[in-house]
Structure formats: C-alpha cells, structure tokens
Amino acid sequence: MNNDIMSFAFPGNIEDDILNIGHNQIPYMRTSEFSELYSRLSDNLTKLIDCDNGKTIIYTMSGTAAMECAVKTYGSLFDSIAIVNGGSFGERWKDICNYNKIDYIEYMVDFGKDIDYTDFEIFLSTSNINCLLIQHHETSSGQIYNLEIIGAICKKFNIFLIVDTISGFLSDHISMNDFFIDVSIYSSQKGLNIPPGLSFLTLSNKAQELELNPSCFYMDINNYLLNLKRGQTPFSPATQLFIQADKKVEKIKKIGLNKYIYQTKNKSDYFKQLCVKNDWKTIPEYSSNSVTAFITKIPAKIISEELLKEQIYVMPSSHEFLLRVTHTGIQDCNELEKLSTLIKKVEDNYEKK
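Residues numbered from 1 in each chain as written. Predicted model: local features only at pLDDT ≥ 70, side-chain atom pairs only at ≥ 80, totals over all residues. Heavy atoms only, no water.

Asks: Which residues make up the state of the cysteines, and what values do they have?
Replies: What makes a disulfide is a covalent bond joining the sulfur atoms belonging to two cysteines. Under the counting rule described, the total for this entry stands at zero disulfides. Residue cysteine 51 stays outside any disulfide, its sulfur separated by 15 Å from that of cysteine 154, the closest cysteine. In this structure cysteine 333 is a free cysteine whose sulfur lies 13 Å from that of cysteine 275, the closest cysteine sulfur available. Given the relative accessible area of 22%, cysteine 333 is considered partly exposed. (Disulfide = S-S within 2.5 Å. Buried < 20%, exposed > 50% of the residue type's maximum accessible area, 1.4 Å probe, protein only.)

Next comes the structure, spelled out in structure tokens:
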C-alpha cells in the first residue's frame with residue numbers, strides 16, 4: 001500500500017507500528033502466549049466498554065456477521081422484537097431478520113434525525129416489546145442516538161437491549177453498565193482504527209446466563225465462551241489482527257479512554273467548523289465523533305472520484321450529494337484543512353464547467 005494514501009474512510013490512516021505487525025511472520029495460535037494475549041485483550045475490551053461481569057468474545061469476521069450472530073442467537077429467545085430504522089444500518093437489522101425469518105416490529109426514524117424519546121417509550125410499552133435492536137450511531141447519516149435514555153426505557157419495561165456500536169465504540173462514550181445494555185457489537189476497523197476483519201460481542205452477565213440455542217456452527221456463542229476460559233477461539237483466528245488489536249488497546253489504556261475519545265472529538269468538531277466555513281450543511285441533529293456527514297454542492301461521487309486521483313479516500317453514500325469523512329484515523333486538523341480545501345476546489349472547478 002502506498003504510504004502517500006490519505007484515507008478519510010474507515011478505518012482512516014493507521015499508525016505505522018500497528019501496520020508493521022502485518023509484515024511479521026504469523027505466530028502459531030495454540031500456545032500459552034496467544035492465550036495470554038486473547039485473555040488480556042478480551043478483558044481490556046470489556047473494561048473499555050464498561051461491562052461489570054461481562055465477557056467479550058472475538059470473531060474473525062465482519063461486524064455484520066456479529067450482528068447476525070446476535071440476532072440468530074438472542075432473537076429466537078424473544079417473541080416481540082423491535083428494530084429502530086434510521087438509515088442503512090438500521091435497515092441492515094431488518095435484512096438480517098428477514099433472511100433468518102425472525103419477526104419484528106419496525107420503528108422508523110427520519111434520516112439524520114434523533115428519536116422522539118417520548119413517542120418511542122409509548123411505542124415500546126404499548127407494543128409489548130421484549131427485545132430491541134438499535135444502532136449507537138447510524139453511520140449512514142452520522143446521527144447518534146441517546147443510549148442513556150434508551151437504556152433507561154428498556155430497563156423500565158424489562159426489554160433486552162442489543163446495540164450495534166460498530167462506529168460508536170471508542171469514538172463516543174458508551175457504558176454497558178450505565179445504559180443497561182445486554183449485548184454490544186463492534187469491530188476492528190472503526191474506533192479501534194486497525195484493519196478490518198475482527199468483530200466483538202460483549203455480553204452482560206444477564207446475556208451470559210440465558211439458555212442459548214445453538215444458532216450457527218461457526219458463530220456459536222456458547223462454544224466461544226467455553227473456549228475463552230482457556231484463552232482460545234474454537235477455530236483459527238486472524239492472528240495478526242489479534243496482535244494489532246492488543247497493541248492498540250494497550251496504547252489506548254496508556255492514553256486514557258476519555259482522552260482518546262476527546263482526540264477524535266476534537267478532529268470531528270474542527271471539521272464541522274470547516275463545513276460551516278464552506279457552506280456545507282451537516283446532516284444529523286446530533287452527530288457522532290466518528291464521522292461527519294454533510295451535503296456537498298455537486299454530486300458526492302464526483303468529489304470522491306476526483307480525490308481518488310490524489311490518493312485520498314472519502315465516503316460517498318446512496319444519497320447523491322451526501323459525503324462522509326471519518327475522524328477515527330491518525331490524521332490531524334491540518335490534514336482535515338487540506339481535505340476541505342481540495343473538496344472546495346473540486347466543487348469550484350465543476351461549477352465553472
């Protein structure tokens with residue numbers, strides 16, 4: 001990979017010492033050294049997401065696969081499931097449920113808008129919901145939902161809460177303890193800012209105590225929990241990714257979680273100021289630190305294709321004029337300034353044609 005590439009698409013540019021792990025020979029995983037690493041990594045992730053008595057299992061697969069694992073495993077235990085659909089990733093919950101023939105009730109939220117929490121509470125209580133599937137942050141629009149309010153509502157009505165925090169974890173504050181979350185799903189290529197390929201399920205004590213029905217040979221949660229006791233995965237892991245994740249988590253611990261999140265927030269806030277300066281309207285009512293979604297003056301696909309000629313990656317979307325820029329990489333505010341200047345230049349050149 002060319003070192004001149006600047007990526008403002010997930011995961012963003014990655015630190016050299018993390019990338020360099022990928023150049024090393026791959027150690028064998030069925031050793032006491034790997035068991036120590038996996039156990040340490042699992043424990044540290046559980047602490048970072050603030051889950052007392054929780055367990056974190058690690059899969060060699062994408063975040064969507066972990067979402068499906070949670071749906072297949074826990075969805076069959078509940079007779080009334082609700083999905084919050086505020087964009088592409090809320091829609092993904094639907095696709096997973098439909099594929100697996102799991103019934104659900106949909107709660108629609110306008111794209112880029114926050115939930116009406118008073119109405120949402122009425123919906124949950126009157127529909128007799130006992131399991132909720134929701135995003136922490138709807139990545140397609142940049143909208144972050146208030147998990148503190150949502151968790152309190154779920155606790156009030158004894159609703160099992162499953163949260164996709166794939167683009168929220170380590171970018172925005174989340175506490176499974178404080179927000180009464182039963183299962184959290186996240187992955188390696190966003191807040192953790194390492195290459196894609198790992199997904200994580202952190203299970204509360206309540207989630208572990210349920211009698212689970214095996215839903216899939218490869219993803220069987222019971223099997224992963226059993227193997228976690230010996231610091232191993234049931235099947236061959238992406239060993240180098242585990243090592244990269246372990247190194248990155250140790251670095252976050254040294255920085256401090258709050259400071260690490262603040263660094264992402266600082267870049268996010270700075271870029272949003274640049275959006276105001278360039279008259280780009282940001283989409284969400286309440287934005288995650290993870291990504292800025294904004295409306296451009298020309299089709300976003302044209303901008304992304306022009307920037308690609310400069311080896312710069314950004315993220316267009318299914319919405320013609322919507323562009324997204326992540327803040328999870330190592331880029332600093334100077335590089336964000338350069339990016340905004342280039343986007344503006346592409347817009348100006350296009351409008352002159």
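Asks: Let's hear about the sheet that holds strand 10 (residues 198–203): which residues, and what values?
Replies: Pairing is mixed across the open sheet formed by seven strands, whose spatial order is 2-10-9-8-5-3-4. At either margin of the open sheet sits one strand with a lone partner, and together these are strand 2 (55–60) and strand 4 (105–108). Pairs of neighbouring strands in the sheet enclose a mean axial angle of 20 degrees, with direction left out of account. Of the strand pairs in this sheet, strand 5 (residues 131–135) and strand 8 (residues 160–164) are connected by five bridges, and their pairing is parallel. Residue pairing for strand 8: leucine 132 is matched across the bridge by leucine 161. Contacting strand 2 and strand 10, helix 8 (residues 221–228) runs over the sheet at an angle of about 110 degrees to strand 2. (Pairing = 2+ DSSP bridges. Helix = DSSP H or I, 4+ residues; strand = E, 2+ residues; numbered from the N terminus. Axes fitted to C-alpha atoms, helices over the stretch in contact; angles between N-to-C directions. Contact = heavy atoms within 4.5 Å.)

Asks: Quick one: what's the story with the environment of isoleucine 162, residue by residue and with numbers?
Replies: Topologically, isoleucine 162 is positioned in strand 8. Measuring from C-alpha to C-alpha, the distance between isoleucine 162 and tyrosine 74 comes to 9.0 Å, with 88 residues separating the pair along the chain. Isoleucine 162 has contacts with Ala70, Tyr74, Trp93, Cys131, Leu132, Leu133, Ile134, Val183 and Ile185, leaving out every residue within four places of it along the chain.

Asks: Residues and numbers for the sheet that holds strand 15 (residues 322–326), please.
Replies: Across a sheet, paired strands are connected by hydrogen bonds in the backbone, their directions being either parallel or antiparallel. Taken in spatial order, the four strands of this open sheet run 11-12-15-14, and their pairing is antiparallel. In this open sheet, the two edge strands, each paired with only one partner strand, are strand 11 (281–282) and strand 14 (315–316). With two bridges joining them, strand 11 and strand 12 (residues 291–295) adopt antiparallel strand pairing. Looking at strand 12, one finds that lysine 281 is bridged to isoleucine 295. Contacts between helix 10 (residues 257–277) and the sheet are confined to strand 11, strand 12 and strand 15, with strand 12 contributing the most and set at about 10 degrees to the helix.

Asks: A description of the pattern of salt bridges should follow, citing residues and the corresponding values.
Replies: Enumeration over the complete set of coordinates arrives at 13 salt bridges. With a shortest N-O distance of 2.9 Å, lysine 309 and glutamate 306 are connected by a salt bridge. The exposed category is assigned to lysine 309, whose relative accessible area is 63%. Between aspartate 348 and lysine 344 there is a salt bridge, with its nearest N and O atoms 3.1 Å apart. On the criterion of helical spacing, the pair formed by aspartate 348 and lysine 344 is a turn pair, its members being four residues apart in helix 12 (residues 333–352). With relative accessibility at 24%, the residue lysine 344 sits in the partly exposed group. (Salt bridge = Lys/Arg side-chain N within 4 Å of Asp/Glu carboxyl O.)

Asks: Give a description of the nonpolar core that names residues and reports values.
Replies: Within the largest apolar cluster, 83 residues are counted, with the highest numbers of intra-cluster contacts made by Leu132 and Ile150. When residues in this core are grouped by element, the largest group, seven residues, is from helix 3 (residues 63–74). In contact with leucine 132, other than residues within four places in its own chain, are Ala82, Val84, Phe120, Leu124, Ile150, Cys154, Ile159, Phe160, Leu161 and Ile162. Judged by nonpolar contacts, the second largest core, of 20 residues, contains Met6, Phe271, Phe294 and Leu307. (Core = buried A, V, L, I, M, F, W, Y, C linked by side-chain atoms within 4.5 Å.)

Asks: Describe the packing of helix 10 against helix 12, with residues and values.
Replies: Between helix 10 and helix 12, whose axes approach to 10 Å, the crossing angle comes to 25 degrees. It follows from the interaxial angle that helix 10 and helix 12 lie roughly parallel. You can see that helix 10 and helix 12 cross each other, and the crossing is right-handed. Here Asn266, Lys267, Tyr270, Phe271, Leu274 and Lys277 of helix 10 come into contact with helix 12, specifically with Cys333, Leu336, Glu337, Leu339 and Ser340. Its residues assigned to classes, the contact of helix 10 with helix 12 comprises six nonpolar, two polar and three charged. (Parallel < 35°, antiparallel > 145°, perpendicular 65-115°, else oblique. Left-handed = near helix turned anticlockwise from the far one by under 90°. Nonpolar A, V, L, I, M, F, W, Y, C, P; charged D, E, K, R; others polar.)

Asks: Run through unusual backbone geometry, naming residues and quoting values.
Replies: Residue phenylalanine 10 is joined to proline 11 through a cis peptide bond whose omega torsion reads 5 degrees. Topologically, proline 11 is positioned in the loop between strand 1 (6–7) and helix 1 (16–19). For phenylalanine 180, which is not glycine, the phi dihedral falls at a positive 55 degrees. Within the secondary structure, phenylalanine 180 sits in the loop between strand 8 and strand 9 (183–187). Within the chain, aspartate 279 stands out as a residue other than glycine whose phi angle is a positive 65 degrees. Among the structural elements, aspartate 279 can be located in the loop between helix 10 and strand 11. Classification of aspartate 279 by relative accessible area gives exposed; the value is 60%.

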